[in-house]
Structures are given as structure tokens and as C-alpha cells.
Amino acid sequence: MTDRHPSLDVTHWHLIHDVSLTAKQQSWLGECQSMTARFERHCGKVTIVPQREGFIGVDSLGEELTQLPDCERFWLREVLLCGDNVPWLFGRTLIPETSLTGEEVSLLTLGTVPLGRYLFKAAELTRDFIQVGEQGELWARRSRLRLSGKPLLLTELFLSESPLYGVNNEL
Ligand code: PHB
């Protein structure tokens, strides 16, 4: 397994409904339930390998800021999701500090626990949009989610070994 962490560099994001996708791409990129649970159907074991976790200042951020409310500090979490030890997805979560109140403080201590385990058992999860983008040959998607109304931005880059690109027709 590579320990070089992939970087995200998608220059154009489009609403998923505006992009022409195959049924398989649509099914993966439009997945509304937990992506971790989806990957678990394609391997023996999903593991999360944290790459970066910590607060970053507004000065270290760019275009993503346009998708989130103004805030001085953001919690950044970057992970590799691996299926049977093969990196399948690079995930980047950006959370304004103002969203980290109440139950949501547990987002600071996820470590190797998949984000979805937290999100999809949360009482009030909503999604404002899914955007889709391309990075070379790879697909990425970006969602703004809300936990009890408090926003976070989740970007997911599907790495080349991901079952999204698999030859079988299984969705
Ligand atoms: C994460 O644990 O940060 C995570 C897990 C699965 C994803 C994205 C992010 O699809």
C-alpha cells in the first residue's frame, strides 16, 4: 500500500444532475447512504488510514470557503479508505469550528473510525447538494452535509483501484 497521500486537485465542480454519467458512475457518485457500507459489500474489510487531522486557519483554504459559512478555523480530516488494504478513496472533510458544538464535538476524535459511522447514525443528517468533478482519469464528488443544520464539506476522490471503475456490472 502506498503511503504517499494523494492530493485533491479538481478544478471544475458540476451538480451531479448536470453531468452525463453511466448507470454505474451515477450509482456510486450519487450514493446517498454510507460510502463505507457500500465499499464493505466489495471487500472483506474496510480500514481508514488517517493522513491529516487538525485545525487549519482560513488563510490555508481556497475555493472550498465559498461552500461554507465564514469561520476563522476549520477542522480538517483527510483519510485513505482501503478495501482489503488497497486504497480505494481519498476523503477530505472540512468542518467550520462553529459546527463543532454539542454532539458534533465527537467529530474531533474519529481517528480510524469511518466518518459514515458517525454521520449515518446521527439523528438529523441532511445533504444540500452533490457535485461531481474529474481529476485526470479519476472521479471525485463533493457534498455539503448538515448535522442538525450545521454544515460540513466532504470531498471524496475515487482512486484507481476503487470498485467504481471495476469491469463487472455489479452496482
Ligand atoms: C472518513 O472516515 O473520513 C471517510 C470515510 C469514508 C468516506 C469519506 C470519508 O467515503
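Parameters and conventions
- Residues numbered from 1 in each chain as written.
- Predicted model: local features only at pLDDT ≥ 70, side-chain atom pairs only at ≥ 80, totals over all residues.
- Helix = DSSP H or I, 4+ residues; strand = E, 2+ residues; numbered from the N terminus.
- Rg over C-alpha atoms; globule rule 2.2 N^0.38 Å.
- Contact = placed C-beta atoms within 7 Å.
- Near = placed C-beta within 6 Å.
- Nonpolar A, V, L, I, M, F, W, Y, C, P; charged D, E, K, R; others polar.
- Pairing = 2+ DSSP bridges.
- Core = buried A, V, L, I, M, F, W, Y, C linked by C-beta atoms within 7 Å.
- Buried ≥ 20, exposed ≤ 12 C-beta atoms within 10 Å, placed from the backbone.

(A) Looking closely at the overall build of the chain. Counting its secondary structure elements, the chain contains three helices and seven strands. What you see in the chain, going N to C, is helices and strands ordered as β-α-α-β-β-β-α-β-β-β. On C-alpha atoms alone, the chain measures out to a radius of gyration of 15 Å, which is about the 16 Å that the 2.2 N^0.38 rule sets for 171 residues. With respect to the three principal axes, the spread of C-alpha positions in the chain is 45 × 35 × 35 Å. Relative to all contacts within the chain whose residues are 6 or more apart in sequence, the contacts with residues 24 or more apart total 62%.

(B) Examining the site of the ligand more closely. Close to the ligand lie 13 residues; M35, V79, G91, P114 and L115 are nearest. Going through the elements one at a time, α2 (35-40), β3 (73-83), β4 (86-96) and α3 (115-119) are the ones with two or more residues in the shell around the ligand. A class-by-class count of the residues in the shell around the ligand yields seven nonpolar, four polar and two charged.

(C) Structural detail: the sheet that holds β3. On the basis of which strands lie adjacent, the open sheet formed by seven strands has the order β1-β5-β6-β7-β4-β3-β2 and antiparallel pairing. Looking at strand neighbours, the two that pair on one side only are β1 (14-15) and β2 (46-57), the edges of this open sheet. In this structure, β3 lies alongside β4, joined through ten bridges in antiparallel fashion. The residue of β4 that forms the bridge with V79 is G91.

(D) Quick peek at the nonpolar core. Ranked by size, the top nonpolar core spans 21 residues in total, and within it L81, W88, L89, W139, L157, F158 and L159 carry the most contacts. Secondary-structure elements contributing two or more residues to this core are α1 (23-29), α2, β2, β3, β4, β5 (125-135), β6 (138-147) and β7 (150-158). Broken down by element, the residue count for this core peaks at four residues, all from β3. When neighbours within four sequence positions are excluded, L89 is seen to be in contact with L81, E156, L157, F158, L159 and S162. F74, L94, I95 and L147 belong to the second-largest nonpolar core, a separate cluster that totals nine residues.

(E) How the structure looks around the environment of C43. Relative to the helices and strands, C43 is located in the loop between α2 and β2. Of the residues examined, C43 has 15 C-beta atoms within 10 Å and is grouped as partly exposed. In this structure, the C-alpha to C-alpha distance between C43 and P163, residues 120 residues apart in sequence, is 9.6 Å.

(F) Examining the environment of D18 more closely. Along the polypeptide, D18 turns up in the loop between β1 and α1. Of the residues examined, D18 has 8 C-beta atoms within 10 Å and is grouped as exposed. Spatially, the C-alpha atom of D18 lies 30 Å from that of A122, the residues being 104 residues apart in sequence.

(G) How the structure looks around unusual backbone geometry. Even without a glycine there, the phi angle at D84 is positive, about 45°. Mapped onto the fold, D84 is located in the loop between β3 and β4. By C-beta crowding, D84 is classed as exposed, having 11 other C-beta atoms within 10 Å. The backbone phi angle of S148 is positive, close to 45°, even though this residue is not glycine.

(H) Highlighting the pairing of β5. Taken together, the two bridges between β1 and β5 define a ladder with antiparallel strand orientation. If you follow L15 over to β5, its bridge partner there is Q131. Hairpin connection from β5 to β6: two residues lie between these consecutive antiparallel strands, with G136 at a positive phi of about 60°.

(I) How the structure looks around the environment of R117. On the secondary structure map, R117 appears in helix α3. For R117, a count of 14 C-beta atoms within 10 Å gives the class partly exposed. In this structure the C-alpha to C-alpha distance between R117 and M35, which are 82 residues apart in sequence, comes to 10.0 Å.

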